[in-house]
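Report on the structure
Here are the chains, one letter per residue:
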Amino acid sequence: MEDALSRSSIDSSSTGEDFVMINGEPKLRITGDINDIGVEISDESPSDLVKSSTSSVDMSASELTEKPSHVISSSQSADVLTMAVKNSGADGSNRGRSTSLPTSPGDEFTLFDGVTYVGCATVNAPRSEKEIYRNMAVLNEQSQMSIPVTLSIPNTSAGIVRLIDPGTQTDISTYKIHRILLCVRGPVESEEKRCFAFTCSHGETADTTIFQCHVFRCDLAEAVGKILYCFGTTFRRKLRSVQELQPPQTPQDSEQSNVFTVMMEFKEDDGKGNFTTCPKDKNVFKFRCNFDKKIMITVQQSGPQELLIERCFGLLVSPGRNVKDGDMQLIEMESMGVGSDGKSYVISGHWDPTEPSFAVLNAETPKDTRVFMTVAIDLVLNGIQEPVRFAIETKAKIYPQTERFWYFTKKPHYEIFHVTLKQIESSRVGEQEFEVMNVQSQTDIDKRKKLTLNIPSAKTLPEEIQTPVDMEDPESDGDEPLLSGSGSVSKEVTDDNLLEAWRDVLTRWHQNLAQRPKQVTGLCRKGIPEALRGEVWQLLTNCANNTELMDAYRVLIGKESPNEQTISRDINRTFPAHDFFKDTGGVGQESLYKISKAYSVYDEEIGYCQGLSFLAAALLLHMPEEQAFSVLVKIMFDYGLRDLFKSDFEELHLKFYQLERLMQDHLPDLFEHFVEMSLEAHMFASQWFLTLFTAKFPLHMVFHILDLYLSEGKDVIFNVAMALLKHARKDLLALDFEGVLKYFRVHLPKRYRSDDAAKELVQTAAGMKISAKKLKKYEKEFILIKEQEEDPLERYERENKKLIEANMRLEQENDDLAHELVTCKLSLRSEIDQLTDKSEALDKELRQSNSTLVDTEEEKRRLELESAQLKEMCRRELDRAETENSRNGAIIADYKQICSQLSERLEKQQTAAREELQKVKDQVKSCELCSKLFSVEGRIKLISSTTNEADENPTLGELEKRVRDLELELAQTKLALVESECKLQDQTHQLNAALSEIQTSKNTWFQKTLSSIKEAATSKKETKERLGSEGS
C-alpha cells in the first residue's frame, strides 16, 4: 500500500546531528502521562494477567543472545521483514491472549501475548511525535496483512526486544534496547488507543543510519500502558553483570568473544597554546594544515571476562586505508591510563602533520574530495602474549590555516571491534592465557553481511513504497506495476495545420515574450509537438531568457547538499524503463543527480523532496540541464508545487479534501463506495499531486498533462484526477478495498498505454467544469473543519511551534548573514588595503614616468640638435670629398696626357737616335781605320782606357742622359698616379663609413659623446685659427 506521506518530511536528511544512534548509555523517551500508566496497572489484577517468562516458554538463555538467521542485519538500508506466520483461526481463538507484567526482578524478560505487529515505515524525524502519530494512524487504518506476535521485552537495558511467532516459537525480528529512540502510545480518544509504536535506528555509521517506526496493536487497550511501563522499567535497570547475561560455557567451549568499543577524537592547536576539538561533519574530520594535533582514544570493553589493559604499546597514524602494518607511522604518546570512570582506558598522543610521511594529511584537499586516514593502537592485554592492534579507518578534509568552522559536531568517532580469543594452557598456576584467533571491526562485518530471509509463505509485512525495478514487458497485463518512464513518444506530426499554427504563434510570441498569444491554450490542449515541447515549456514558464537561474545553477552544482545520499538512492528508481536513465552512472542519471542536488541547495526550506526527480527527469528529456533547472524552479515556486511539502503537508491535505468534495459532487456513487470501504484520497492520489502524474503513467500521457499544467495552471491536476476517476468508475465500483488500491497502482496506468486513450483522457479533463470559485469554497470548508476538530490549545501550540521554527530559521539565517557580513567586511578591508597599496605604487610609478618623460624629451631635443649638426658636418665633408675627388680626377687626367705625350716624344727620339746611330755605324764600318773600333756585334772596342767616350761622341752621352731623365720622370709620374688612386679609394671608404656611422650612431651614447667631443674640438680649432688670423 502506497503512502507517500510516510516517506516524505520537511526534513530531507535522516542522518543529521539531531538523529544519531545511541551506542553508549541507553536512553528512552516515553510520551504520555506515566501516572496514567500506573493507574492502568493498578486497575488490572496481576493474577489474571501475569505470565512469567520462564514458565510460559521453555527458552534457554542462549536463545536471548543468539541472533536469528532470518533477521535482516541492522546495517542494511531497510529493516523490512518479508515474513509469513500461521494465520489466525477463523473462530478467533487467538483473540483471547492475555498481557503480562514482570513479576520478579530476577526474570530476564517478559512476554506479552495478544499483540499484533501492524507494520513499519521509514521516518526522517525519529523523535517527532507528530510524525509517529501520523504513521501509526496510516498503518493501523490501511494495514491488511498484520501479524500476531508474542512481544518479549528484556528486564535490563542491555537486552533485546524480540518478536516471536506464537505458533512456532521462533524469532521473527529483534531490536536492541539501546537503539530504540522514542516510544509512543496512541491517543486515548482515537482509533489508535489500542496501538503503540517505537522508533529504532539501523546502521552503524551516520552515513548508513536509517530510522524506522514500528507500530503494534494490542487486543486490550489496557495492555498498552503495561507494555510502556515495562519499557520504562527496562530502561531504569542497568545490567547487573556481564556473566549473568552470557550463556554458561561448557568445559569444551574454550573460545570467547570480547567486544571493544574504541572512541577517537582529534584536538588541534588553536595558535594560543591550547588544543580545541576538531570538528566532524558526519564521519569526516575537518583539519587545518600546518597545526599540531592531539589524538585522544578511549577504549571500553565488554565480554564474558574483561581483560586488563596493561599499557598501550604504540600509537600509529598513516594516510589511506587498508594500510599495511609496515606503512604505519609511530607518533609520540603523551599519556595512557584508566579513565576517571574506572572502566575505560584513555590514550593520548601528539601528532605533527608537517612530517613528510604525512604530506597527504597536511595538504589542502580539493573541493568535494576527502582523504582516508588510519589510526591504530597496539594494546598489551593481560593474558595475551602479543599486543593486539585496533585499526580505525576514517575520512578527513584538510582546509587552509585561516579556515574557520562555524557549525559542526564534536562527537567522537566510534568503532566496535570483536576479538575472538581461545584459551590455552597457562605456564603460570592460577592464571589464564589466551590466543587471539580473530579481530574484526563492526564496519568490516557489516560490509560482508548478506541479506538472507527464509520466507515460508506469502504473508508479508507492509513494505515501503518503491518504484518497481524488475524489468518487464511494458505491454504486459500482469500484476506488476508499469515502470516509470515507459511508453514511446512519437515525434511525427500528421496535422500540417497544427505545425503551421504553432509556427505562427511562436513567431509572434518571440517578438513579445511578455504577452502570451491567445491561441496557446487551445493548441496546448491538442498537445504540443514533441519537437517543440522544450521551447514551449520554457516560454510558458517565463524562463526562455532567464540567464540568472542558469548562472545560479552553474554555481549550485559545485556546492554540497545534505541530501546527496537520498538523491543518489532516488535517481536509480527514476524512469528505469527509459534508455536515457536506466544506466547506473550514465549521462542521464548524472544530469538528474546534479539538478536534484542543485535544487536542494537552492530551496533550503524544502530541500530535496521525493518525487522531485520524476519531474526533473521529464524536463531533462526536452532541454539541457540549465534550462531544465530553470523550469523546475518556476514550477515549484510560481505554480505552488513546493507548498505541498510545507507545514506538515497541510496544503496537500487540503488538495485531498478538495478532490473528495469534487467526487462527492460529480461522482457521488463512487464517493459513497470509497466511504463505505474507508478509502481516502491520500491512499491513491498522493503521487498524482506530488509528482504531477510523472511517476506511474506512460510518458506520452505525462507530457500531455504537463502541457495542460504549464498552460492552464495548477488546478488542472483536479481535472485530470476527476477524468481518471470518471473513466475508471465502473471498474472501481466492482472492486473491494484491496482491489481498488491494486487497480490504482497497477491497472489504471496500463489503460493509457495507447495514444488514443491518453488523448481521450485529456479531452475529458479539459471538458471538466471545475471552477476556482468552487475550489475556494472547499478550502474554506476545510479550514472551518480543521478549526472545529482541533483543540484551541493544540492549535496555539502548533502555531507556537511554527513560530519557534520560523524564529530558529530566522536566527539561523541571521547567524549566516552575520557570518557573511563579517566575512565580507574582512574581505572588503583586505581589498581596500590592497587597492590603497596599489594606488600608492601607481602614484609613485606615475611620478617616475613623468620624470622619465621630461628627461626623454630633453634627450630628444639634444639628439635632434646633434643629428642636425652631424648631418651638416657630413654634408660638408661630402662636398669637400667630392671637390677633392674632382680635383684629383683632373690631375690624373693631366698626368695621363703628359705621360702619353712624353711617351710619344721618347719613342720618336729613340727612333731618331737609332737611325742616326745606324748611320754612324755604317760610316764607321766604311772606314777601315774606324771599323776597328767596333766589334762584329756593333759594340765599341776600348782600345785605350784613357779615351773619354763623351769626348769622342758628345751627342751619344747627351742622349743617354736624356733617356735616363725621361725614365725617372716617367717613374715619378706613375708613382704619383698610383698615390692618387689610393687616396681616392681612401676618401671613398671614409665617405661610406661616415654615412654608415650616421645611420647606426644616432641612438648610441658613445657615438653621441664622440660627436660632441669632435664638435667641441672643431669649434675650438676654428676659434684658434680665427684668433691667429686676427693676430697676424
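Overview of the structure. (Residues numbered from 1 in each chain as written. Predicted model: local features only at pLDDT ≥ 70, side-chain atom pairs only at ≥ 80, totals over all residues. Heavy atoms only, no water.)

The next subject is the packing of aromatic side chains. Any pair of aromatic rings gets described here by the distance separating the centres and the angle formed by the planes. Applying the stated criterion across every chain yields a total of 32 aromatic pairs. Ring centres of Trp351 and Phe358 lie 5.6 Å apart, and the angle between their planes is 85°; this geometry places the pair in the edge-to-face category. Taking relative accessible area as the criterion, Trp351 reaches 0% and is therefore assigned buried. Between Phe674 and Phe744 the ring centres are 6.4 Å apart and the planes differ by 70°, which places this aromatic pair in the edge-to-face class. Of this pair, Phe674 sits in helix α18 (residues 668-676) while Phe744 sits in helix α23 (residues 737-750), placing them 70 residues apart in sequence. Phe744 shares its class with Phe674; the two are buried. Three or more aromatic residues joined by ring pairs form one cluster here, namely Tyr117, Tyr175, Phe196, Phe198, Phe216 and Phe231. When the ring centre of Trp351 is taken as reference, the NZ or CZ atom of Lys293 above it lies at 5.8 Å. (Phe/Tyr/Trp six-rings, centres within 6.5 Å; stacked < 30°, edge-to-face > 60°. Buried < 20%, exposed > 50% of the residue type's maximum accessible area, 1.4 Å probe, protein only. Helix = DSSP H or I, 4+ residues; strand = E, 2+ residues; numbered from the N terminus. Lys NZ or Arg CZ within 6 Å of the ring centre and 35° of its normal.)

Here the focus is the side chain of Ser630. If you trace the backbone, Ser630 turns up in helix α16 (residues 625-638). A polar side-chain atom of Ser630 sits 3.0 Å from the main-chain carbonyl oxygen of Glu626. Other than its neighbours up to four places away in sequence, Ser630 contacts Cys543, Asn546, Leu549 and Met550. (Polar contact = N/O pair within 3.5 Å; in protein donor to acceptor, adjacent residues only side chain to side chain. Contact = heavy atoms within 4.5 Å.)

So, about the packing of helix α11 (residues 533-540) against helix α20 (residues 699-712). Running from amino to carboxyl end, α11 crosses α20 at an angle of 25°, the nearest separation of the two axes being 9 Å. In terms of orientation, α11 and α20 fall into the roughly parallel class. The two elements α11 and α20 meet at a crossing, and its hand is left-handed. Packed against α11, whose contacting residues are Arg533, Trp537 and Leu540, the element α20 presents Phe703, His704, Leu706, Asp707, Leu710 and Ser711 at the interface. Residues that form the contact of α11 with α20 fall into these classes: five nonpolar, two polar and two charged. (Axes fitted to C-alpha atoms, helices over the stretch in contact; angles between N-to-C directions. Parallel < 35°, antiparallel > 145°, perpendicular 65-115°, else oblique. Left-handed = near helix turned anticlockwise from the far one by under 90°. Nonpolar A, V, L, I, M, F, W, Y, C, P; charged D, E, K, R; others polar.)

In this section: α18. The set of residues buried in α18 consists of Leu670, Phe671, His673 and Phe674. Taken end-on, α18 shows its buried residues confined to a sector of 160°, consistent with a single buried face. On its buried face, α18 is in contact with α17 (650-666), α19 (682-691), α21 (716-727), α22 (729-733) and α23. With its phi angle positive at about 60°, Ser678 sits one or two positions after the end of α18. (Arc of directions from axis to C-beta.)

Okay, a negative patch on the surface next. Together, Glu604, Glu811, Asp815, Asp816 and Glu820 make up a region of like negative charge exposed at the surface. Relative to the assigned elements, Glu604 resides in the loop between α14 (587-602) and α15 (612-620). Under the relative-accessibility criterion, Glu604 is labelled exposed at 68%. (Patch = residues over 30% accessible without salt bridge, like charges linked within 9 Å, V, L, I, M, F, W, Y side chains within 5 Å. Areas by Shrake-Rupley, 256 points an atom, 1.4 Å probe, with all protein chains shown as cover. Salt bridge = Lys/Arg side-chain N within 4 Å of Asp/Glu carboxyl O. Lys, Arg positive; Asp, Glu negative; His and termini not counted. Charge placed at Lys NZ, Arg CZ, Asp CG, Glu CD.)

Next up on the list: the sheet that holds strand β14 (residues 309-319). The mixed open sheet is built from six strands, whose spatial order is β11-β12-β19-β18-β14-β15. The open sheet has two edge strands with one neighbour each: β11 (280-281) and β15 (329-330). With five bridges joining them, strand β12 (residues 284-288) and strand β19 (residues 388-399) adopt parallel strand pairing. Looking at β19, one finds that Val284 is bridged to Lys395. (Pairing = 2+ DSSP bridges.)

Once that is clear, we can look at the pairing of β12. Of all the five residues making up β12, five are buried; the element is thus mostly covered by neighbouring parts of the structure. Burial of the side chains of β12 extends over both faces: Val284, Lys286 and Arg288 are buried on one face and Phe285 and Phe287 on the other. Here β11 runs beside β12; their pairing, made up of two bridges, is antiparallel. Bridge pairing in β12 places Asp281 opposite Val284. In sequence, β11 turns back onto β12 through a hairpin of two residues, with Lys282 there showing a positive phi of about 60°.

Okay, the pattern of salt bridges next. Going through the model one piece at a time under the given rule, you end up with 36 salt bridges. Across the pair Arg729 and Asp669 runs a salt bridge, and its minimum N-O distance is 2.4 Å. With Arg729 in helix α22 and Asp669 in helix α18, this residue pair connects regions lying 60 residues apart in the sequence. Glu872 is the salt-bridge partner of Arg876, the closest N and O atoms lying 3.9 Å from each other. Taken together, the residues Arg876 and Glu872, both in helix α26 (residues 792-926) and four residues apart, mark about one turn of the helix. Connected via shared salt-bridge partners are Glu872, Arg875, Arg876 and Asp879.

Turning to the nonpolar core, a few remarks are in order. By size, the foremost hydrophobic cluster in this structure holds 113 residues, and its most contacted members are Leu659, Phe674, Phe684, Trp688, Leu724 and Leu725. Counting residues in each nonpolar core, the second largest holds 38 residues, with Phe287, Val388, Phe390 and Ile392 among its members. (Core = buried A, V, L, I, M, F, W, Y, C linked by side-chain atoms within 4.5 Å.)

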